[in-house]
Amino acid sequence: MQTGKYNTLKVARRVDFGVYLSDEKGAEVLLPARYVPEDTNIGDELRVFVYNDSEDRPVATTETPYAQVGDFAFLQVTDVNKVGAFLDWGIPQKHLLVPFSEQKIKMRPGGIYPVYVYLDHESGRVVATAKIHKYLGNVPPEYTPGQKVKALVYQHSELGYKAVVDNMFDGLFYENELTRPLEVEEAVEAYVKFVRPDGKIDLSLPGAALDRTQALADEIMRRLGLNGGSLPLGDASSPEEIRRSFDCSKKDFKRALSYLYKRRRIALQPCCINSLAPDA
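Predicted model, so just to flag it, every value in this text is computed and none were measured. (Residues numbered from 1 in each chain as written. Predicted model: local features only at pLDDT ≥ 70, side-chain atom pairs only at ≥ 80, totals over all residues. Heavy atoms only, no water.)

1. Focus on unusual backbone geometry
Here's step 1: Despite not being glycine, Asp166 has its phi angle at roughly 50°, a positive value.
Here's step 2: With respect to the helices, strands and loops of the structure, Asp166 is situated in the loop between β12 (160-165) and β13 (169-174).
Here's step 3: Taking the relative accessible area as the measure of exposure, Asp166 reaches 28% and is therefore partly exposed.
Here's step 4: A positive phi angle, near 60°, is found at Asn167, a position not held by glycine.
Here's step 5: The topology assignment puts Asn167 in the loop between β12 and β13. (Helix = DSSP H or I, 4+ residues; strand = E, 2+ residues; numbered from the N terminus. Buried < 20%, exposed > 50% of the residue type's maximum accessible area, 1.4 Å probe, protein only.)

2. Focus on the sheet that holds β12
Here's step 1: Read around the barrel, five strands follow the order β11-β12-β13-β15-β14 and close on themselves; strand pairing throughout is mixed. Sheet twist, expressed as the average angle between the axes of neighbouring strands with direction ignored, equals 50°.
Here's step 2: In terms of strand pairing, strand β11 (residues 148-156) meets β12 through five bridges, oriented antiparallel. Bridge assignment links Val153 to a residue of β12, and that residue is Ala163. (Pairing = 2+ DSSP bridges. Axes fitted to C-alpha atoms, helices over the stretch in contact; angles between N-to-C directions.)

3. A short note on the pattern of salt bridges
Here's step 1: Scanning the entire structure with this criterion turns up 13 salt bridges.
Here's step 2: Measuring nitrogen to oxygen at the nearest pair gives 2.9 Å for the salt bridge that ties Arg180 to Glu186.
Here's step 3: For Arg180, a relative accessible area of 37% gives the class partly exposed.
Here's step 4: A salt bridge links Asp252 to Arg255; its shortest N-O distance comes to 2.7 Å. Here Asp252 and its partner Arg255 are both found in helix α3 (residues 250-262), three residues apart, which amounts to about one turn of the helix.
Here's step 5: Its relative accessible area of 14% is what places Asp252 among the buried residues.
Here's step 6: A relative accessible area of 30% means that Arg255 is categorised as partly exposed. (Salt bridge = Lys/Arg side-chain N within 4 Å of Asp/Glu carboxyl O.)

4. Things to note about the environment of Leu216
Here's step 1: Mapped onto the elements, Leu216 comes out in helix α1 (residues 209-226).
Here's step 2: For Leu216, a relative accessible area of 3% gives the class buried.
Here's step 3: Linking Leu216 and Val192, residues 24 residues apart in sequence, is a C-alpha distance of 9.6 Å.
Here's step 4: Contacts of Leu216, omitting those with residues within four sequence positions, involve Pro145, Phe246, Cys248, Asp252, Phe253 and Ala256. (Contact = heavy atoms within 4.5 Å.)

Structure representation (structure tokens):
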């Protein structure tokens, strides 16, 4: 059973004020009666969100929080007191604490801030931090150019718009490459253009077909260089083979091949690609 996350648990027993749900190890949590679906029976499985109530007791709900542990989100401050700021995270019975030590600037009631939700292992409580960069890029990104990702825009800078990529990495949309305006707090699908040596990711918006084609073409040429100038993929390759190798659609793959072929960078056969010498 994971606190601060969704869990699929089994109905273990009924009480007057709800039902107790149990995990595979026998740990139990109360689902109050107002959240118990009609026709619920002992042994049924329910998908619930588990958190600690105001008295630090574990409790389950079928309500949907705006974010769970491991998520980045924009949340609004409902109150500030001597211990920190409290955020509305979609659970009316329990607001989310951001301690003063985890605030970049002093949070004020009504303000909306980008935060990261995590489990404080010392207290066992779900809390949030506005110091989101501590939780970005802690493992090396392993994306290929043209790969599709999810991005949450969190800041506008001189270069463009900074975004959290797949809840793990720091990315950037360059202002002069945007195909449409972006807004802070916007969640978008995006494409990887380039992974920089520092682990940050250059991004492009869907619809920037030429950017995706160029990025994928560059990756194909890089792979050709690593494999002696030949790859066992071509027009006749299946969508599944292409997806496994380049994490892209067959349509995008063929577009990149056409781009390279027209520039005399490759020779095409149904089931393989060969690189051409610059003077070929």
